[in-house]
Every structure is written in C-alpha cells, then in structure tokens.
Amino acid sequence: STQRLTKSTPLTSIDVDKQVGAQVVEALNKKVSLKHPDIDVGIEIIGKDAYVFFEITQGPGGLPIPCSGTVLALLDGSESDLAAILMMKRGCSIIGLVKDSNKHELLQKFSPNQIEMQQIESISQISKIAKEKNMISIVASQELNIPNLLTLNPLVAFSKEEIGKRLKCYEDLY
C-alpha cells in the first residue's frame, strides 16, 4: 500500500499501487491476492522521494536520536537505565557514566548506535567530565546536586510499581 505524505505527486496512492503491483506480478510471475498476499509492498512518498519497504518493525517510538542533543547519564542500575531510555525516547543521545561493570544491555539494545560509556570512580568526577565534554545536563534516577549541571529525572513522578512496569515493557520489547 502507498502513502503520499506530500500530495505534490501527480499520481494518486491507488495509481502507484496499480503500477507497482503490475511490475511485481510481471517480475515474479505471481497473481494478485489482496486477502492473502505473498508479498506486501509498502511505499511512502515524500516530495520527490519514495521509500519502499517489505516489513514493518515495531520500535520503541519517540523522537530520532540525537535530534535533542547529547546528555550525560549516570548509570547505576536498572532504574537509571530506564531514565536514560526515556530521555532517548525524547531524542537525546547519551554518554553513559558507569561505576560498575554492568553492561547495561537493555540500554544498548534501545540505542541505534553504540553508546559511549565512561568509567567513573565517584560522583565527584562528573563535573570535570561535563566540562571536558561541554555538557550542561545529566540524566539520573535520583537528584544530583552538581554545580552548573542540570539534573534531568524523567522518573520523578513514577511510583516504584510504575517504574517496574515500564522496565518490564522495555525488556519484553527486546
């Protein structure tokens, strides 16, 4: 099926479907079946570009990373991983600050790119790292009082039960 996200194309969605369907039938020597298709071709037309796909993959949703910039993320457990994921859903790329050897696999699965991880010994190092990387904010699952650094806590309004449910949803997604 075809979607024209911009209507500047002279062909209608049905016209495109007919033309592409005819080409598929000819190339693959298949019959058309709208109820039980062997092949489902998706087409999205945006301006002069057409994007063709054969399957839709359910993703986590949200804004594309890194449209909202980059933030530091203090990763010290599953709750902090969830806080980072929620910021990534808002389009933030993250630089992980870790004190343990946890691989933060759920977080890595959520990111389209390898997440930069930096080992720290104590929270006192965060100001120096923020200055070196020109960062103005950090995402965490608890309040941090670090001078000149805005703490973002997307979990602040969630109960422990809600946090657990959201973590389970992301774990089940991947």
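Okay, so let's go over this structure. What you see as residue numbers is a count from 1 along each chain, following the sequence as written. Totals for whole chains, interfaces and linings use every residue, but because this is a predicted model, local features are given only for residues with pLDDT of at least 70 and side-chain atom pairs only at 80 or more, for both listing and counting. Computation of side-chain values: all heavy atoms of the structure, hydrogens and water removed.

**Some details on the overall build of the chain**
Point 1. A run of DSSP states H or I qualifies as a helix once it reaches four residues; a run of E qualifies as a strand once it reaches two. Both are numbered from the N-terminal end. When helices and strands are counted, the chain shows five helices and eight strands.
Point 2. The order of α-helices and β-strands along the chain, N terminus first, is β-α-β-β-β-α-β-α-β-α-β-β-α.
Point 3. Computation of the radius of gyration draws on C-alpha atoms alone. For the globule rule, the value is 2.2 Å times the number of residues to the power 0.38. For the chain, whose C-alpha radius of gyration is 23 Å, the value lies well above the compact-globule estimate of 16 Å for 174 residues.
Point 4. In terms of overall dimensions, the chain has a C-alpha envelope of 65 × 35 × 30 Å along the principal axes.
Point 5. As displayed, the chain offers around 11,500 Å² of accessible surface, 53% of which is attributable to carbon and sulfur atoms.
Point 6. Residues scored as charged are limited to Lys and Arg (positive) and Asp and Glu (negative), so that His and the chain ends carry no count. Charge coordinates come from a single atom per side chain, which is NZ of Lys, CZ of Arg, CG of Asp or CD of Glu. Side chains of the chain carry 19 positive and 21 negative charges; the gap between the two charge centres is 4 Å. Per-residue accessibility takes into account occlusion by the displayed protein chains alone, with areas from the Shrake-Rupley method and a 1.4 Å probe.

**Observations concerning helix α1 (residues 13-28)**
Point 1. Between the first and last C-alpha of α1 there are 22 Å, a value that for 16 residues agrees with the 22 Å anticipated at 1.5 Å per step.
Point 2. Residue N29 follows α1 closely and has a positive phi angle near 55°. Here the expected length of a helix is defined as 1.5 Å per residue gap, with one fewer gap than residues.

**Brief notes about the packing of aromatic side chains**
Point 1. Only rings of Phe, Tyr and Trp enter the pairing, Trp through its six-membered ring, and a pair is recorded when the two centres are within 6.5 Å. The plane angle decides the type: under 30 degrees is stacked, over 60 is edge-to-face, the rest tilted. All chains considered together, the criterion is met by one aromatic pair.
Point 2. Between F110 and Y170 the ring centres are 6.0 Å apart and the planes differ by 85°, which places this aromatic pair in the edge-to-face class. Taken together, the residues span a long stretch of sequence, with F110 in helix α3 (residues 105-110) and Y170 in helix α5 (residues 160-173) at a distance of 60 residues. You'll find F110 and Y170 in the same group, each marked buried. For the exposure calls, accessible area comes from a 1.4 Å probe over protein chains only, and a residue counts as buried if that area is under 20% of its type's maximum, exposed if over 50%, partly exposed in between.

**Some remarks on the nonpolar core**
Point 1. Residues grouped as a nonpolar core are buried Ala, Val, Leu, Ile, Met, Phe, Trp, Tyr and Cys residues, joined through side-chain atoms within 4.5 Å. Of all hydrophobic cores here, the largest spans 22 residues; its most connected members are L82, I94, L107 and Y170.
Point 2. Of all the secondary-structure elements, those providing two or more residues to this core are β4 (70-75), α2 (78-89), β5 (93-98), α3 and α5.
Point 3. With seven residues, the single largest contributor to this core is α2.
Point 4. Judged by nonpolar contacts, the second largest core, of 14 residues, contains I126, I129, L144 and I146.

**Focus on the sheet that holds strand β7 (residues 137-139)**
Point 1. At least two bridges found by DSSP between two strands are what make those strands a pair. Ordered by their spatial adjacency, five strands build an open sheet running β6-β5-β4-β7-β8, and the pairing between neighbours is parallel. The two strands at the open ends of the sheet, each matched to only one other strand, are β6 (116-119) and β8 (150-152). Adjacent strand axes in the sheet meet at a mean angle of 30°, parallel and antiparallel pairs treated alike.
Point 2. Sheet topology note: the β5/β6 ladder contains four bridges and is parallel. Counterpart to I95 in the pairing with β6 is E116.
Point 3. Contact between two residues is taken to exist if any of their heavy atoms lie within 4.5 Å; hydrogens are not considered. Note on geometry: axes are C-alpha line fits, over the in-contact stretch for helices, and angles between N-to-C directions span 0 to 180 degrees. Against the sheet, α2 makes contact with β4, β5, β7 and β8, and its axis sits at roughly 165° relative to β4, the strand it touches most.

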